[in-house]
Structures are given as structure tokens and as C-alpha cells.
Amino acid sequence: MTNENESRFSPVKKHGQRNVKEHNKSGNLTGSERQIKDGVADVYNLIQKWKNANSDGMHIIDTIANIKLQHVYKENKDETLQDGSIPEELEAQCTSLLSIIQKMEKIVKKLSVTSAMFVGVMKLQQHLTDDLVLFQTWTPDIFVSTVKELTEMYREEYKLKQLIYKNICHAKDRNTMMFYTSSWLHQPYITDKSHVLLESLLLETGHK
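Residues numbered from 1 in each chain as written. Predicted model: local features only at pLDDT ≥ 70, side-chain atom pairs only at ≥ 80, totals over all residues. Heavy atoms only, no water.

Per an unreviewed UniProt entry, the protein is named Cyclin-dependent kinase 2-interacting protein, and its organism is Mytilus edulis.

Quick notes on the nonpolar core
Formed by 50 residues in total, the largest nonpolar core has its most connected members in Tyr-154, Ile-168 and Trp-184. Breaking this core down by element, the ones donating at least two residues are helix 2 (31-71), helix 3 (91-128), helix 4 (140-168), helix 5 (174-186) and helix 6 (193-204). With 13 residues, the top contributor of residues to this core is helix 2. Dropping the residues within four chain positions of it, Trp-184 is found in contact with Asn-54, Gly-57, Met-58, Ile-61, Leu-97, Ile-100, Ile-101, Met-104, Lys-161 and Ile-164. (Core = buried A, V, L, I, M, F, W, Y, C linked by side-chain atoms within 4.5 Å. Buried < 20%, exposed > 50% of the residue type's maximum accessible area, 1.4 Å probe, protein only. Helix = DSSP H or I, 4+ residues; strand = E, 2+ residues; numbered from the N terminus. Contact = heavy atoms within 4.5 Å.)

So, the environment of His-59
Residue position: His-59 is located in helix 2. Measuring from C-alpha to C-alpha, the distance between His-59 and Leu-97 comes to 9.6 Å, with 38 residues separating the pair along the chain.

Quick word on the pattern of salt bridges
As enumerated under the stated definition, the model contains seven salt bridges in all. Here Glu-149 and Lys-193 are joined by a salt bridge, their closest N and O atoms 2.8 Å apart. Placement of the pair is Glu-149 in helix 4 and Lys-193 in helix 6, with a sequence separation of 44 residues. Looking at Glu-149, the relative accessible area reads 29%, which means it is partly exposed. Between Glu-157 and Lys-161 there is a salt bridge, and its shortest N-O distance comes to 3.1 Å. Of this pair, Glu-157 and Lys-161 both sit in helix 4, separated by four residues, roughly a single helical turn. We note that Glu-157, like Lys-161, is buried. (Salt bridge = Lys/Arg side-chain N within 4 Å of Asp/Glu carboxyl O.)

Quick notes on the packing of helix 2 against helix 5
Relative to each other, helix 2 and helix 5 sit at 170°, their axes nearing to 10 Å. Of the possible angle classes, the one that applies to helix 2 and helix 5 is roughly antiparallel. Here helix 2 contributes Asn-54, Gly-57, Met-58, Ile-61, Asp-62, Ile-64, Ala-65, Lys-68 and Leu-69 to the contact with helix 5, which in turn contributes Arg-174, Met-177, Met-178, Thr-181, Trp-184 and Leu-185. (Axes fitted to C-alpha atoms, helices over the stretch in contact; angles between N-to-C directions. Parallel < 35°, antiparallel > 145°, perpendicular 65-115°, else oblique.)

Examining unusual backbone geometry
A positive phi is found at Gln-187, a non-glycine position, where the angle reads about 45°. In this fold, Gln-187 is placed in the loop between helix 5 and helix 6. Assessed through its relative accessible area of 14%, Gln-187 is described here as buried.

Right, dumping it as C-alpha cells:
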């Protein structure tokens, strides 16, 4: 039986102490917590879709590179293509690569929408209290900055992918082709920090 005195009083918040909101550990969350946890799941799933699209794109890039190396550049000792036209056999590959680019564009747009949702939750929580911890240690502004940083990485990488798509089939020499191939593979704008940021989101919200 609950002690009557205990039921009347709530813990006193000390000056400077963060207000940690208790939540149902079973996962039946509501309100801002539900939005945040679902938003983190969305970010994770979108990044997995990007990885799959990037892998599929890499296969297409390799095919384009092999076609050019074997059938275009080989006839020129300096490995340079004098005619900037696209060989007919590359057209299907370029079309497939465009499909990948379009998938990536959708992913970046959805990340931006999710990022905006986090901002909305932060503004709501700031209206209620300036310092509310929703899960373990993070306040809403930390979720916002983390998701924004991830979104910006993928937005910049998407811009690079666009440039590669627009130019790779027109590459006039082997070195340029290899540069495009390497750039697609290594994704310079998506740094190692992206893994840390994503893992932190998942751990903070109890997905892991």
C-alpha cells in the first residue's frame, strides 16, 4: 500500500538541477518522448537506406568505369577520350545512376523534415521548461544539434553525388574517372563522427 504522506509530495528540485522526466520503461511513450524516439528511429532507417543506395551506386560506378577503361580509353595511349560523347552502352548505366541519385535526394529531404520535427519538439519543451531531460542525460537542444549535424553531412554528400553523376559518364581521362570512383566510395562529407552521433542518439533513447 502506498504511504499517504509519500503520495502527497513530490521531490523538491534543487537550484540548478535538471528536471528529469520519468517515462514508462516498457516503451509506451507519449508526447515529446514518443516523437523523439520515433524521430531517432527514422534517422537510423534513413541512414540505412542511404548506405544501401550508396552501395548500389558503387556497383554502377564500377561498371561505368570498367566500360570506359576497356572500350573507350584503351584505344588511346594517353588514356584520354577525345570525344566527349557518351558511348551507347553507358546510357543504361547513367539512367540507373540517376535513379540512385533520386533516392538519395528523397532521403536527404526526409532527414530535413525529421530535423525540423526535432526543432519543433525543442521549442515546445522550452516553452514548458528551459531544462528538461527527456531520456537519460540529453535535453531537446542536444537532439536538435545532433540530428542537424547528421543531416548537413548527408546534404553535402548528396551535392557531391550529384556532381559525380553529372560528370562521370563524360570523364575524358582515366585519372578523372578514378577520382570520381574514389569520391563516391569514400564519401568525404560523411565523416567518422557520423557513426558516433548516430550511436549516441540510439543509446540515449534506449534503441540500444
